[in-house]
There are 2 protein chains.
Amino acid sequence: MGRIITIGREFGSGGRELGRRLADELGYAYYDSEILNEIAKETEYSKAYIEELSQGRPVPLFPIHYGSTWSPSNDPHFQNALDIFSSQKKILLELAGKSDCIIIGRCADYILEEFKPFRIFVYASIDSKLARCKERSKQGEAFNDREMVRRIQRIDKKRRQHYEFYTGRKWGAKENYDLMINTTDRDIKTLVKGILAIFR
Amino acid sequence: MGRIITIGREFGSGGRELGRRLADELGYAYYDSEILNEIAKETEYSKAYIEELSQGRPVPLFPIHYGSTWSPSNDPHFQNALDIFSSQKKILLELAGKSDCIIIGRCADYILEEFKPFRIFVYASIDSKLARCKERSKQGEAFNDREMVRRIQRIDKKRRQHYEFYTGRKWGAKENYDLMINTTDRDIKTLVKGILAIFR
């Protein structure tokens, strides 16, 4: 059984950079959006559609009327979201069985529980996340700070909803992780050295 | 201005051992129950009384009756608890100004905010905390597992109430810390190496 590191992360907290560097140092496989491609192959949904549905919780298109015959299971998007999660689960289990690896997001800490992964959560203050997002945004993207902050909050809200819907656990609550790292004012390279010392 | 590490910790999670080892490695001063002695000297309360009052939040002795003239400020224990917290604050600020140090508990992350301390929170699963408490308990202490679990929960509840009363912040919530470490199934010595790599 391979060794697994899972990384949950707030948007703009540097979780991906941290994961990539860890994977480089350890020589582990690194999975992030690659997983979406695999799901696309398996389910025949487009990558964009999968990306859309695998954020947030599956929301029925119409409000639920109590006593009516309508139920979420009649909603094709709701059903597809569940299909995609089920595919994702299958793929994660396959990848984890194949080699040591680092997996970003995707409820991997929960899905791969039996592999006893080392579960990291990466977070930062909103100012720090804003600064990081501005740094890496393309020049063409003309979000102002307020818009960018709203975008960060919206994405984090979706991640929380997604995680909590599928796992029944609280996203970013300490009991679900082995190590929680605040990247505010911290250099990711230095953090990686420390994580390696703890993990090895 | 000295470098400060503050350590919040759940009871039985190994936070004190971790703090001691960090202090040894770094050559920093280490403050824990020593602080109580300092406060005792300053306030002329007995150490046991201070220990009692500096856990939990200051609870009025009698229920508050709305509309009556009684208020918490008439309760000498309530007032003494506030005095002790104020003394503790003064002493922490003095100690922090004197040299690099590690401070366990005592809302130090909040009180010493202006020193920009490196704020660690140490936690563990209840099973792990139980095992650690049993290991270090004296042979004479004949708590059974259930009693010990209740004791751990009671002490953690007091710590939470104390922290939240004096700081207005949530105890153990990630935004209040730089690093949160789950010691379940982990060796404290290995964790210390990693923390040093991150902190240095």
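Summarised in this report is the structure supplied together with it. Only a predicted model underlies this, so the values are computations on that prediction, with no experimental measurement involved. Here, residues in each chain are numbered from 1, in the same order as that chain's written sequence. Chain letters start at A and ligand numbers start at 1, both assigned in the order the entries are written. Reporting in this predicted model follows two pLDDT cut-offs: at least 70 for local features of residues, and 80 or more for side-chain atom pairs to be given and counted; totals over whole chains, interfaces and linings ignore these cut-offs and use all residues. Heavy atoms throughout the structure, all of them, feed into the side-chain values; hydrogens and water do not.

**Let's talk about the interface of chain A and chain B**
Okay, step 1: Contacts between residues were defined by any pair of non-hydrogen atoms, one from each residue, lying within 4.5 Å. On the side of chain B, 24 residues touch chain A, which itself brings 24 residues to the contact.
Okay, step 2: Surface buried jointly by chain A and chain B totals about 1700 Å² across both partners, of which 56% is contributed by carbon and sulfur atoms.
Okay, step 3: When two parts are put together, the accessible area they lose, computed with a 1.4 Å probe and summed over both, is reported as buried area. The largest share of the area that chain A buries against chain B comes from K174, R186 and I198 of chain A, three residues that together contribute 33% of it.
Okay, step 4: One side-chain nitrogen of Lys or Arg within 4 Å of one carboxyl oxygen of Asp or Glu is enough to make a salt bridge. One salt bridge connects E10 of chain B with K174 of chain A, and the closest N-O pair in it is separated by 3.9 Å.
Okay, step 5: Two N or O atoms count as a polar contact when they lie within 3.5 Å, although within protein this holds only if one can serve as hydrogen donor and the other as acceptor, and sequence-adjacent residues are included solely when both atoms are side-chain atoms. Taken together, the links from chain A to chain B amount to 11 residue pairs in polar contact (both at pLDDT 80 or more).
Okay, step 6: Helix numbers and strand numbers start at the N terminus; a helix is a DSSP run of H or I with at least 4 residues, a strand a run of E with at least 2. Elements represented by at least two residues in the side of chain A that touches chain B include exactly β4 (118–123), β5 (179–182) and α8 (188–199) of chain A.
Okay, step 7: Here the element with the most residues in the side of chain A that touches chain B is α8 of chain A; it accounts for eight residues.
Okay, step 8: For the side of chain A that touches chain B, the per-class residue count stands at 12 nonpolar, four polar and eight charged.
Okay, step 9: For two strands to count as paired, DSSP must find a minimum of two bridges between them. For β5 of chain A and strand β5 (residues 179–182) of chain B, the ladder comprises three bridges, and the chain directions are antiparallel. Bridging from a neighbouring strand, L179 of chain A pairs with I181 of chain B of β5 of chain B. In the scheme used here, Gly and all other residues not listed as nonpolar or charged are polar, with Ala, Val, Leu, Ile, Met, Phe, Trp, Tyr, Cys and Pro taken as nonpolar and Asp, Glu, Lys and Arg as charged.

**Focus on the packing of aromatic side chains**
All names here are of chain A.
Okay, step 1: In this scheme Phe, Tyr and Trp rings, the latter by its six-membered ring, pair at centre separations within 6.5 Å, and the angle between planes marks the pair as stacked below 30 degrees, edge-to-face above 60, and tilted otherwise. In the structure shown here, the tally under the stated rule is 14 aromatic pairs over all chains.
Okay, step 2: Ring pairing ties together the aromatic residues F121, Y123, W171 and Y177, which thus form one cluster.
Okay, step 3: Sitting over a ring, as applied to charges here, requires NZ of Lys or CZ of Arg to be within 6 Å of the ring centre and within 35 degrees of the ring normal. The ring of F199 has R3 sitting right over it, with the charged end atom 4.0 Å from the ring centre.
Okay, step 4: A cation over a ring is seen here: R136 above F11, with NZ or CZ 5.3 Å from the ring centre.

**Remarks on the packing of helix α6 (residues 126–136) of chain A against helix α7 (residues 145–167) of chain A**
Residue and element names in this part refer to chain A.
Okay, step 1: Axis separation between α6 and α7 bottoms out at 10 Å; the angle between their running directions is 105 degrees. Taken together, the axes of α6 and α7 lie roughly perpendicular to each other. Contacts from I126, K129, L130, C133 and K134 of α6 reach α7 at D145, M148, V149, I152, Q153 and D156.
Okay, step 2: Counted by class, the contact of α6 with α7 contains six nonpolar, one polar and four charged residues. Whenever a helix is involved, its axis is fitted only over the stretch in contact; in every case the axis is a line through C-alpha atoms, and angles between N-to-C directions fall within 0 to 180 degrees. Should an angle lie under 35 degrees it is considered roughly parallel, over 145 roughly antiparallel, and from 65 to 115 roughly perpendicular; all remaining angles are considered oblique.

**Some points on the relation of the copies chain A and chain B**
Okay, step 1: Least squares is the method for superposing the copies, and the C-alpha atoms it fits come from residues with pLDDT of at least 70 in both. The two copies are related by a screw motion: chain A maps onto chain B through a turn of 180 degrees and a shift of 0.0 Å along the axis, at an RMSD of 0.1 Å. What the rotation and shift describe, once combined, is the action of a two-fold rotation axis. Among all residues of chain A, the one whose C-alpha sits closest to the rotation axis is G194 of chain A, at a distance of 2.1 Å.
Okay, step 2: By residue overlap, the copies meet face to face through one surface: 100% of the interface positions of chain A are interface positions in chain B.

**With respect to the packing of α8 of chain A against helix α8 (residues 188–199) of chain B**
Okay, step 1: The interhelical angle for the contact between α8 of chain A and α8 of chain B, taken along N-to-C directions, is 170 degrees, at an axis separation of 7 Å. Considering the angle they form, α8 of chain A stands roughly antiparallel to α8 of chain B. Along its contact with α8 of chain A, which presents T190, L191, K193, G194, I195, A197 and I198 of chain A, the element α8 of chain B presents T190, L191, K193, G194, I195, A197 and I198 of chain B.

**Re a positive patch on the surface**
Okay, step 1: Only residues above 30% relative accessible area that lack a salt bridge enter a patch, with like-charged residues linked at up to 9 Å and the nonpolar side chains Val, Leu, Ile, Met, Phe, Trp and Tyr linked at up to 5 Å. All accessible areas in this document rest on Shrake-Rupley with a 1.4 Å probe, and a residue is counted as covered only by the protein chains that are shown. In this charge count, Lys and Arg are treated as positive and Asp and Glu as negative; neither His nor the chain ends contribute. Lys charges are placed at NZ, Arg charges at CZ, Asp charges at CG and Glu charges at CD. Together, R160 and K170 of chain A together with R160 and K170 of chain B make up a region of like positive charge exposed at the surface.
Okay, step 2: With respect to the secondary-structure elements, K170 of chain B resides in the loop between α7 (145–167) and β5.

**What to know about the pairing of β5 of chain B**
All names here are of chain B.
Okay, step 1: For every residue, the accessible area (1.4 Å probe, protein chains only) is compared with the maximum for its type, and the residue is labelled buried under 20%, exposed over 50%, or partly exposed between those bounds. Of the two faces of β5, the one holding L179 and I181 and the one holding M180 and N182 are both buried throughout.
Okay, step 2: Bridge count between strand β4 (residues 118–123) and β5: four bridges; the pairing is parallel. Paired with I120 across the strands is L179, a residue of β5.

**Section: the sheet that holds β5 of chain A**
Okay, step 1: Read from one edge of the open sheet, 10 strands run β2(A)-β3(A)-β1(A)-β4(A)-β5(A)-β5(B)-β4(B)-β1(B)-β3(B)-β2(B), paired in mixed fashion. The two strands at the open ends of the sheet, each matched to only one other strand, are β2 (29–31) of chain A together with β2 (29–31) of chain B. Within this sheet the neighbouring strands show an average axis-to-axis angle of 15 degrees, counted without direction.

**What about the pairing of β4 of chain B?**
Residue and element names in this part refer to chain B.
Okay, step 1: Counting buried residues along β4, six of its six residues qualify, which places the element largely inside the surrounding structure.
Okay, step 2: Alternating residues of β4 divide into F118, I120 and V122 and R119, F121 and Y123, and every residue in both groups is buried.
Okay, step 3: The sheet contact formed by strand β1 (residues 4–9) and β4 spans five bridges and is parallel. Each residue of the ladder has a partner; that of R9, found in β4, is V122.

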